[in-house]
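Residue strings, one per chain:
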Amino acid sequence: MIYLKLIWAYLKIGLFGFGGGYAMLALIQREIVGPQWITEQMFTDIVAISQMTPGPIGINSATYIGYIAPGESSAAFSSPLYGILGAIICTLVVVLPSFLLVSYTSHFISRHRESAFVKGVFSGLRPVVVGLIASAALLLMNSANFGSESQEIIKSIAICIVAFLMVYFMKLHPIAVVTISGVAGYLLF
């Protein structure tokens, strides 16, 4: 049944998705696009929608994928009620491991904050999280995001570079950059 598969997929994502939503994107893609519950294009759209909506990208994407995956897997599950059930299940399952781990480890870490072991673990996790976020950036550099024709690719790269320059050098607020980039994308494409 699709719900058991979604539970298993999001349990793995919730347990092994360290570093936040962007670091989880590669794992989410493998677990959700791999079984063909959604297409690569839908995954790209979900990432974009999850970035624009309030809340963590991992939870937003879990809610959306939980809503559409039952209907995509079988016509028998095309009713919105099946989608709502899937959204609730995926959202709760992706949050549950983190909730339990943080509840348990917060007590341990507060007691052993000055321990060399705890400091070493956090020092080791930092480069891993940076690598996972870099992998998410590479994952999103595909034809679904940048187009398949050379002109589309050049326009997309130009928007990306200009957005980076606006944030890094001009110190514009990220919401303003997203809005400007969206308008530029609309006008160019």
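Residues numbered from 1 in each chain as written. Predicted model: local features only at pLDDT ≥ 70, side-chain atom pairs only at ≥ 80, totals over all residues. Heavy atoms only, no water.

**Considering the pattern of salt bridges**
Under the defined criterion, the tally for this structure stands at 3 salt bridges. Linking arginine 30 and glutamate 31 is a salt bridge whose minimum nitrogen-to-oxygen distance equals 3.7 Å. The exposure class assigned to glutamate 31 is buried, which follows from its relative accessible area of 11%. Through salt bridges that share partners, Lys12, Arg30 and Glu31 make up one connected network. (Salt bridge = Lys/Arg side-chain N within 4 Å of Asp/Glu carboxyl O. Buried < 20%, exposed > 50% of the residue type's maximum accessible area, 1.4 Å probe, protein only.)

**Digging into the packing of helix 1 (residues 2-16) against helix 5 (residues 80-111)**
Remark: helix 1 packs on helix 5, axes separated minimally by 8 Å, with the N-to-C direction vectors making an angle of 30 degrees. As summarised for this structure, helix 1 and helix 5 are arranged roughly parallel, according to the angle between their axes. Taken as a pair, helix 1 and helix 5 cross one another with a handedness that is right-handed. Taking contact as the criterion, the partners of Tyr3, Leu6, Ile7, Tyr10, Leu11, Ile13, Gly14 and Leu15 in helix 1 are, on helix 5, Tyr82, Leu85, Gly86, Ile89, Cys90, Val93, Val94, Pro97, Ser98 and Leu101. Grouping the amino acids of the contact of helix 1 with helix 5 by side-chain chemistry returns 15 nonpolar, 3 polar and no charged. (Axes fitted to C-alpha atoms, helices over the stretch in contact; angles between N-to-C directions. Helix = DSSP H or I, 4+ residues; strand = E, 2+ residues; numbered from the N terminus. Parallel < 35°, antiparallel > 145°, perpendicular 65-115°, else oblique. Left-handed = near helix turned anticlockwise from the far one by under 90°. Contact = heavy atoms within 4.5 Å. Nonpolar A, V, L, I, M, F, W, Y, C, P; charged D, E, K, R; others polar.)

**Section: a nonpolar patch on the surface**
The grouping of Ile153, Ile157, Ile161, Phe164, Leu165, Tyr168, Phe169 and Met170 at the surface amounts to a nonpolar patch, some 800 Å² of accessible area in total. When you line up the elements, isoleucine 161 lands in helix 8 (residues 150-168). (Patch = residues over 30% accessible without salt bridge, like charges linked within 9 Å, V, L, I, M, F, W, Y side chains within 5 Å. Areas by Shrake-Rupley, 256 points an atom, 1.4 Å probe, with all protein chains shown as cover.)

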